[in-house]
Amino acid sequence: MSRALTVRLLLLWGSACLWMFSPTLGDFVIPGPRGAAKDAGHHAIPRQKRNTPDATVEVHSVKVDCAVTSRFAHTVITSMTLNKANFSQEIFFEMDLPKTAFITNFTMEIDGQVYVGEVKEKEKAKKQYQKAVSSGRTAGLVKASGRKMEKFSVSVNIAAKSNVTFVLTHEELLQRKLGNYEIMTRLKLKQLVQDFQIVANIYEPQGISYVDAQATFLSNELLPLVEKIVTEKKAHIAFSPTLEQQRTCPNCDGTLINGDFVIKYDVNHASSLGDIQIVNGYFVHFFAPSNLERVPTNVVFVIDRSGSMSGTKMFQTRVAMQSILGDLQEDDYFAIVPFDDEIECWKENLAKATKENLAVAVKYAQGLTSRGGTNISGGLLKGVNMLLRDKAQKTIPERSVDMIILLTDGMPNYGETNPNNINGMLHSVTGGNVSLFSLGFGDNVEYGFIDTLSQHNKGLARRIFEASDAALQLKGFYEEISSPLLSEVDLRYPSNAVDFLTTNHFSQLFNGSEIVVAGRLIDNNMDNFLVEVFGQGFEEDFKVQGQTSALDWGTIYPDEGYIFGDFTERLWAYLTIQQLIEKSKTGSSDDKANATAKALEMSLKYSFVTPLTSMVVTKPETEDGKNSTLIADKLTEAERQRSGQDRYSVPTYSVSSANYNYMSPTYSVDGDPHFIIELPDRDDALCFNINDKPGTIFTLVKDTKSGILVNGQIIGDKQIPPDGKMYTYFWRFGIIQRTLGVRLEVSTKGIVGFQDGKRLKLRWSNSTTIKGDSMDILLTKDRSLTITLKDSVKFVIVLHKVWKNHPYHRDYLGFYTLDTHILSPSVHGLLGQFYHGIQYEVTDLRPGEVPEKPDATMYVKGQELNVTRGWQRDFRRDVKNGENVPCWFIHNNGTGLIDGHASDYIVSGLFKSV
């Protein structure tokens with residue numbers, strides 16, 4: 001590169017169609033030009049300087065174009081970026097895409113030259129990558145993981161006054177869940193965009209029953225910009241704000257476009273046979289009959305309570321069980337089987353889900369505690385034997401669905417510990433008549449084991465992410481499977497009419513879901529054949545049959561250029577590849593090999609990036625005259641876990657000589673007083689206020705292991721202002737580092753204390769720099785104090801000076817913590833408790849009391865909170881005006897977000913811990 005300056009442009013967005021049964025994750029390999037990339041596993045994503053007025057990189061256009069035809073989504077993301085500088089720069093393209101999607105194309109156009117990706121067998125692609133590494137070019141290995149999304153990233157060196165256009169395409173079959181299909185576009189633009197638009201066109205021959213479009217960043221002003229046109233069989237949704245409409249405020253350079261744009265829709269499901277579509281010699285059958293009665297369930301909860309489940313996991317399990325038990329229907333039967341190295345039962349037989357039984361069960365579940373080893377086989381066999389015995393004794397309904405729900409966080413280490421033996425034993429005992437749903441808690445669970453176990457026993461596995469909302473994840477999964485409508489569903493087609501069928505037998509059909517079968521016609525001219533569906537319902541067997549015929553797409557959509565006429569064939573290929581990859585995990589060695597070979601062959605034929613293939617892009621020559629290679633991979637869930645890389649990371653680049661590193665999370669309190677938790681990895685922030693009487697002292701940071709304590713005392717206005725509200729602020733802080741012998745009192749009057757056995761006394765009216773063995777101090781006159789404790793943490797205290805004759809307000813301080821990752825996991829306090837992260841999800845955006853501040857629902861720490869989108873100010877750069885930080889505001893003194901209550905953090909003295 002012609003200059004050391006490397007500009008990082010973050011464009012994180014992607015169309016996501018959520019499917020909770022997704023088995024795949026992504027892994028992306030990016031060798032960069034000489035000197036540009038580092039070891040990706042040890043660096044964080046940098047941020048550009050906020051509100052940079054003279055940025056030399058401009059995102060000219062961003063377009064997300066999603067076309068959905070009969071649930072098959074074809075998404076094209078296009079972005080053009082300009083290098084306005086007089087020197088070459090490294091430009092990054094990053095995006096999130098759904099884990100269930102297959103990348104089908106990636107191209108870069110640079111100065112009229114087009115670089116096109118090519119799908120190759122993964123092993124061949126890896127050899128090409130390894131050859132690039134061995135030739136001396138540095139490379140970054142980027143691994144993507146997440147609940148719903150995975151990341152794609154590529155960088156390219158762009159000459160001065162030049163531009164680059166990135167185009168990425170992916171495809172997937174939308175899965176119906178809880179009664180709707182969902183398309184989520186993740187938008188995290190880092191700057192205003194000249195030409196920005198999201199367009200989604202949905203074509204559904206069955207007829208569209210409803211369409212809804214929302215976004216976490218949509219205010220009442222932006223909501224009317226969402227264009228929605230819905231007819232009987234088509235829907236058009238578009239969102240294209242101008243530059244001015246994107247701004248956070250009239251004169252700001254910040255953008256509002258930061259969050260998830262979500263489209264939900266459903267189709268008409270009137271026919272009991274379902275909907276069959278034939279196009280170009282391939283057919284697809286969608287089956288989701290309406291008005292079926294729910295089949296009662298007999299469910300045994302087999303719960304791991306071994307020692308590794310101690311603490312948060314066990315607490316979240318108890319919370320989830322309380323909620324799940326409350327959702328059981330009165331005609332259901334249930335049992336609870338906790339296990340460690342011993343097996344225990346709540347009752348020896350399944351109990352009817354009466355109010356009385358549920359109340360007793362909830363109380364029992366709340367008493368579960370962790371202990372001992374992990375006897376998974378013993379717990380499962382106990383649960384299965386209870387089901388089979390009660391079924392044989394006819395104490396539970398004959399026409400009901402039997403299921404085991406296993407929750408575990410590890411591998412068996414007691415009883416039978418061989419996974420293959422456990423699998424064989426369980427299948428032998430059940431005879432294939434009991435469905436096993438396995439929930440793997442956290443990253444240490446052997447996911448491959450529970451995945452195989454479930455597939456062999458008519459169920460599926462799901463990872464429960466070890467986060468604050470794990471209880472909600474458990475409950476959400478149960479909601480999906482709690483209402484079976486049919487069991488042992490067979491969809492049959494004439495053997496002389498179709499071949500190469502995808503899976504056409506399903507153990508269950510759940511309410512709000514959909515069965516999809518696709519196949520190829522033997523005779524391309526055949527457009528009329530018999531279809532039959534069989535299943536077991538609540539009171540009687542389900543049976544329906546009918547004839548089907550090909551659709552005339554030109555008649556259905558006479559004014560539309562069809563997005564791609566081979567959609568049924570690509571949908572069939574997509575389903576077939578997914579099912580072959582699943583089949584390659586089970587069966588005999590020959591069956592596994594055949595399934596793998598066929599899946600690889602089809603992945604290459606249809607240019608899908610699957611766990612068996614990679615997309616290779618050769619980038620243009622860098623200034624050292626060498627080409628470099630990008631390889632985009634996709635990992636299975638088990639492969640991702642074995643890779644040992646659970647978070648996404650990329651090479652670090654120097655952006656500017658800014659005083660503050662905005663990549664690190666920042667935790668602060670400023671104003672009257674406003675607490676702000678900035679989370680750059682999510683490009684988001686949380687905020688809350690703490691109000692109390694003047695003179696109250698709060699603990700902000702307390703880490704007994706490292707000997708750090710920070711307390712702050714609030715002060716009130718001189719008198720009550722005309723609006724009748726007394727505002728309070730922090731006016732002094734007490735800081736202790738016991739192991740280093742540091743003790744400081746920082747107030748609006750000055751700084752006093754001890755360092756290295758010497759007394760310090762500093763005035764705000766002077767600028768001073770002090771470097772010591774235990775602490776460094778940088779005092780900027782009448783502005784800020786930066787305290788860096790050796791091998792520990794950095795604090796920045798900002799001074800706010802108020803006109804001394806102001807009738808109400810006083811001088812006050814703002815407190816900011818940086819570089820907190822070194823502190824121990826036990827650190828706590830109003831700020832300290834967030835130093836090691838906070839997991840939350842925000843949904844259901846809706847109008848708030850103030851038009852520009854919408855409300856939403858936040859799930860955090862096992863609780864559901866009403867939050868409001870707003871702004872708080874970061875004063876580190878601009879002490880007078882501050883910089884707006886968009887955040888989710890938690891009401892009532894942070895209740896639900898902070899541990900306990902605000903009063904729990906009150907202490908008796910500035911240097912006291914109690």
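Residues numbered from 1 in each chain as written. Predicted model: local features only at pLDDT ≥ 70, side-chain atom pairs only at ≥ 80, totals over all residues. Heavy atoms only, no water.

A. View of the overall build of the protein chain. Along the protein chain, the regular secondary structure elements total 13 helices and 53 strands. Taking all 914 residues of the protein chain together, 58% fall into the buried category. Pairs at least 24 apart in sequence give 70% of the contacts found in the protein chain among residues at least 6 apart. Looking at the protein chain as shown, the accessible area adds up to about 36500 Å², and 48% of this sits on carbon and sulfur atoms. (Helix = DSSP H or I, 4+ residues; strand = E, 2+ residues; numbered from the N terminus. Buried < 20%, exposed > 50% of the residue type's maximum accessible area, 1.4 Å probe, protein only. Contact = heavy atoms within 4.5 Å. Areas by Shrake-Rupley, 256 points an atom, 1.4 Å probe, with all protein chains shown as cover.)

B. Summary view of the sheet that holds strand E12 (residues 163–173). An order of E8-E7-E12-E5-E4-E14-E17-E16 is seen for the eight strands of this open sheet, with the pairing classed as mixed. Across the chains shown, the open sheet's two edge strands, defined by having one partner strand only, are strand E8 (113–116) and strand E16 (226–230). Between one strand and the next, the sheet's axes are offset by a mean angle of 10 degrees, whatever the strand orientation. As defined by bridge partners, E16 adjoins strand E17 (residues 234–239) across five bridges and the pair is classed as antiparallel. Note that in E17 the partner of Val 230 across the bridge is Ala 235. Contacts from helix H10 (residues 567–583) reach strand E4 (57–69), strand E5 (72–83), strand E7 (102–110) and E12 within the one sheet, and its direction differs from that of E12 by about 75 degrees. (Pairing = 2+ DSSP bridges. Axes fitted to C-alpha atoms, helices over the stretch in contact; angles between N-to-C directions.)

C. Broad picture of empty space enclosed by the protein. Scanning the entire structure with this criterion turns up three cavities of 30 Å³ or more. Counted as a void, the largest cavity has a volume near 110 Å³. Forming the boundary of the largest cavity are 13 residues, of which Phe 301, Met 321, Ile 324, Ile 405 and Leu 439 lie nearest the centre. For the lining of the largest cavity, the element with the highest residue contribution is helix H3 (residues 312–327), accounting for four residues. Here the residues of the lining of the largest cavity are counted per class, giving 12 nonpolar, one polar and no charged. (1 Å grid on protein atoms, 1.4 Å probe; cavity = no way out; pocket = protein on both sides within 12 Å on 5 of 7 lines; lining within 4 Å. Points joined across faces, edges and corners; volume = space filled by probe spheres on them. Nonpolar A, V, L, I, M, F, W, Y, C, P; charged D, E, K, R; others polar.)

D. Spatial organisation of the packing of aromatic side chains. Summed over all chains, the structure comprises 25 aromatic pairs. A ring pair is formed by Phe 196 and Phe 239, whose centres lie 6.2 Å apart and whose planes are at 85 degrees; its orientation type is edge-to-face. Within this pair, whereas Phe 196 is found in strand E14 (residues 195–203), its partner Phe 239 is found in strand E17, the two being separated by 43 residues in sequence. You can call Phe 239 buried: its relative accessible area is 0%. Among the aromatic residues, ring-to-ring pairing joins Phe 675, Phe 688, Phe 730, Phe 733, Phe 795, Phe 815 and Phe 834 into one connected group. For Arg 71, the ring lying beneath its charged end belongs to Phe 286, and the centroid distance is 3.8 Å. Arg 869 extends its terminal NZ or CZ atom over the ring of Trp 888, reaching a point 4.6 Å from the ring centre. (Phe/Tyr/Trp six-rings, centres within 6.5 Å; stacked < 30°, edge-to-face > 60°. Lys NZ or Arg CZ within 6 Å of the ring centre and 35° of its normal.)

E. Geometry of the nonpolar core. Counting 114 residues, the largest nonpolar core has Phe 261 and Leu 700 as its most contacted members. The biggest single contributor to this core is E4, with six residues. Counting 37 residues, the second largest nonpolar core, distinct from the first, contains Ala 365, Val 401, Leu 407 and Tyr 478. (Core = buried A, V, L, I, M, F, W, Y, C linked by side-chain atoms within 4.5 Å.)

F. Spatial organisation of the side chain of Thr 666. With respect to the helices and strands, Thr 666 occurs in strand E35 (residues 666–670). Judged by relative accessible area, Thr 666 falls into the buried class, the value being 1%. Apart from residues no more than four positions distant in its own chain, Thr 666 is found in contact with Ile 676, Ile 677, Glu 678, Tyr 816, Thr 817, Leu 818 and Arg 876.

G. Molecular detail of the packing of H10 against helix H11 (residues 589–605). For the pair H10 and H11, interaxial distance at closest approach is 8 Å and the crossing angle is 150 degrees. When the interaxial angle is binned, H10 and H11 end up roughly antiparallel. Note that H10 runs across H11; the crossing there is left-handed. Facing H10, whose interface residues are Trp 572, Ala 573, Thr 576, Ile 577, Leu 580, Ile 581 and Lys 583, H11 presents Lys 592, Ala 595, Lys 598, Ala 599, Met 602 and Ser 603. (Parallel < 35°, antiparallel > 145°, perpendicular 65-115°, else oblique. Left-handed = near helix turned anticlockwise from the far one by under 90°.)

H. View of the pairing of E7. In terms of burial, E7 is a largely internal element, seven of the nine residues being buried. Relative to E12, E7 runs antiparallel, the two being bridged by eight bridges. Paired with Phe 106 across the bridge in E12 is Leu 168. Of the pairings in the sheet, the one linking E7 to E8 comprises four bridges and is antiparallel in character.

I. Geometry of the sheet that holds strand E47 (residues 794–800). An order of E44-E45-E46-E47-E48-E35-E36-E37-E52-E51-E50-E49 is seen for the 12 strands of this open sheet, with the pairing classed as mixed. Looking at strand neighbours, the two that pair on one side only are strand E44 (768–771) and strand E49 (840–850), the edges of this open sheet. When strand polarity is set aside, the average angle formed by the axes of neighbouring strands in this sheet is 25 degrees. Of the strand pairs in this sheet, E44 and strand E45 (residues 775–780) are connected by four bridges, and their pairing is antiparallel. Note that in E45 the partner of Thr 768 across the bridge is Leu 779.

J. Representation of unusual backbone geometry within the structure. Non-glycine residue Ser 70 carries a positive phi angle of around 50 degrees. Its location among the elements puts Ser 70 in the loop between E4 and E5. Owing to a relative accessible area of 0%, Ser 70 belongs among the buried residues under this scheme.

K. Main features of the state of the cysteines. This structure, assessed with the given rule, holds two disulfides. Across a sulfur-sulfur distance of 1.5 Å, Cys 249 and Cys 252 are joined as a disulfide pair. Residues Cys 249 and Cys 252 are joined through a disulfide that is right-handed, its torsion about the S-S bond being 55 degrees. By relative accessible area, Cys 249 is classed as partly exposed at 22%. The residue that forms a disulfide with Cys 687 is Cys 887, at a sulfur-sulfur distance of 2.2 Å. Taking the torsion about the S-S bond as the criterion, the Cys 687 to Cys 887 disulfide, at about 70 degrees, is right-handed. Of the two residues, Cys 687 sits in strand E37 (residues 684–689) while Cys 887 sits in strand E52 (residues 883–890), which places them 200 residues apart along the sequence. For Cys 687, a relative accessible area of 1% translates into the label buried. A relative accessible area of 1% means that Cys 887 is categorised as buried. Here the protein chain pairs its bonded cysteines, counted in sequence order, in the arrangement 1-2, 3-4. (Disulfide = S-S within 2.5 Å.)

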